[in-house]
Amino acid sequence: MEAEDKVLVAKEFLNTVHGQQGCTSCHGGVEPAASRKEAHQGMVAEPSAQKDSKCATCHADAAGTFEMTLHKTSRGIVDLDTGVLAARINPEKADLLQKAVDNHCASCHIDQCGDCHVSRPQWSGGGLIQGHVFQETPNPILNCTACHGSRVQKEMLGQGPSDFEPKLKPSVHWVPAGMQCVECHTKEWIHGPSTEAAVRYEVKEAPRCEDCHVDDTFYDNAYHKQHAEADPGKTLLQCQVCHSQPYNNCYGCHVGKDDKGLAYFKTDKSEFDFKIGRNPLKSQDRPYDYVVVRHVPVARDTFAFYGEDLLSNFDASPTWKYATPHNIVKVAPQAESCGSCHGNEAIFLLEENVAEDEREANREVIVPKPPPKF
Amino acid sequence: MKFSELKKAVAIIGIALFVVVLSGCSGGDQDQEPGEGDQAVEEGLESAAGGETCASCHTDKKKLVADLDADPPQEVEKSEESEGEG
């Protein structure tokens, strides 16, 4: 997006409820002015990032609780006491680790209402959408996947390596359904305080396939009856085990600072794969025995630039994580028949699929004995 | 009915329809809230006190391009050493 397009306002905006507030009522600055410099004196480019921003005047509920959401605080990533790194850290070197996390992981968050309702997120370069006309529903591509690109966007749109077999398809929720992200990730979830949640899978309002798909006929399907019904003696599968396609996995992220002192990261590789593992997050809400697992980029020495052994408890948490890929299809290759899964060792996370250095961390996830052929 | 009477009736109906159409159009205009028309746009674009308004620059791509060419914004510097997917 060119610089001028990022700040180009549509004349139609001036006729909207928000436009009629007047530019300076939200942005400050000087109007009228003889020059850009004068006009921009005291101007606030992103007014909704201000604490007690004007948004709350009319949208008190959403603006008030948003301050405490995972999207705003990023605590799922940056909070070393409760976030995804909590189990792995070396408590004696927490200060060094916090510095590393602040430098490399804390910038990825939604800071303000405008990042979803007015412009592209600042993290991905910003730029007005629809000429500043406020959008009630964030645009799936320009807003949501502007940040959630390497995994969610690729999955949703059926993107991936061009030579990948079997060919990847877009999610049925995108084609043909054309669903918006907010239809599952509701505004109550996005705006809700979710203070009880340390990480995203703990949010009570998180999307659940069952909310839409389980009806009176659901268990008429023999596969559902066998694998989706909570019944002692049956093996319970997460929906994605049968309905998702291969997805992106990242390995070996290392962070550092270059000669200019600018933060950088390097990952060893990203690759599409599909693996079923044992459920590392088994709970009342997620009672599945087997789930889809994704390799996350953390490595034992991810933060070595900042000090030795910062993740001294690396093995306390798996590197193959509970996953919910967004590339849902009605019949995925592993669910074409019973034999597509039973006896198909390639789709299970076996010990041999896990790097030797990570086997201890993934002990609870690795499948010791995949289901045999019928 | 004589032919002359028929012509008169057609003419009257035609005039009546014309009046109805005209009144319908002006009725639509009256529904518009104050400040929702082009006038509001013009008010946002022009300042009675002189000088540029925010909208007069930010709705004009040519002005923005000229301004940004003359005084380019500072780019946020990012490391070129990053590799891989974030």
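Remember, it's a predicted structure, so these values are computed and weren't measured experimentally.

Novice: Could you give an account of the packing of aromatic side chains, naming the residues involved and the relevant values?
Specialist: Residues and elements named next belong to chain A. Applying the stated criterion across every chain yields a total of 7 aromatic pairs over all chains. Measuring from ring centre to ring centre gives 4.9 Å for Tyr201 and Tyr322, while their planes differ by 75°; the resulting arrangement is edge-to-face. Placement of Tyr201 in the loop between helix H12 (187–191) and helix H13 (210–213) and of Tyr322 in strand E5 (residues 320–322) is noted, with a sequence separation of 121 residues between them. One exposure class covers both Tyr201 and Tyr322, and it is buried. Geometry around Phe314 places Arg88 over its ring, the cationic atom sitting 4.8 Å from the centre.

Novice: Account for the domain arrangement of chain A, naming residues and giving values.
Specialist: Residue and element names in this part refer to chain A. Split by domain assignment, chain A resolves into domain 1 (1–74 + 109–148 + 176–207) and domain 2 (208–374). Here the C-alpha centre of domain 2 lies 33 Å away from the C-alpha centre of domain 1. Taken residue by residue, the interface counts 5 residues in domain 1 and 8 residues in domain 2. Of the roughly 490 Å² buried between domain 1 and domain 2 on both sides combined, carbon and sulfur atoms contribute 44%. Across the contact surface, domain 1 and domain 2 share 0 salt bridges. Taken together, the connections running from domain 1 to domain 2 amount to 2 residue pairs in polar contact (both at pLDDT 80 or more). Class assignment for the residues of the side of domain 1 that touches domain 2 results in 3 nonpolar, 1 polar and 1 charged.

Novice: Just give me the short version of the interface of chain B and chain A, but keep the residues and values in it.
Specialist: Between chain B and chain A, the residue contacts involve 34 residues of the former and 33 residues of the latter. Both sides of the chain B and chain A interface together cover about 2800 Å² of buried area, and 54% of this is carbon and sulfur. For chain B, the biggest contributors to the area lost against chain A are B:His58, B:Glu81 and B:Glu85; these three give 22% of the whole. The interface formed by chain B and chain A contains 5 salt bridges. Applying the counting criterion to the chain B and chain A interface returns 15 residue pairs in polar contact (both at pLDDT 80 or more). Contributions of two or more residues to the side of chain B that touches chain A are made by helix H2 (38–45), helix H3 (54–58) and helix H4 (61–70) of chain B.

Criteria and cut-off values
- Residues numbered from 1 in each chain as written.
- Chains lettered and ligands numbered in written order.
- Predicted model: local features only at pLDDT ≥ 70, side-chain atom pairs only at ≥ 80, totals over all residues.
- Heavy atoms only, no water.
- Phe/Tyr/Trp six-rings, centres within 6.5 Å; stacked < 30°, edge-to-face > 60°.
- Helix = DSSP H or I, 4+ residues; strand = E, 2+ residues; numbered from the N terminus.
- Buried < 20%, exposed > 50% of the residue type's maximum accessible area, 1.4 Å probe, protein only.
- Lys NZ or Arg CZ within 6 Å of the ring centre and 35° of its normal.
- Domains from an automatic or database assignment.
- Contact = heavy atoms within 4.5 Å.
- Buried area = accessible area lost by both parts, 1.4 Å probe.
- Salt bridge = Lys/Arg side-chain N within 4 Å of Asp/Glu carboxyl O.
- Polar contact = N/O pair within 3.5 Å; in protein donor to acceptor, adjacent residues only side chain to side chain.
- Nonpolar A, V, L, I, M, F, W, Y, C, P; charged D, E, K, R; others polar.

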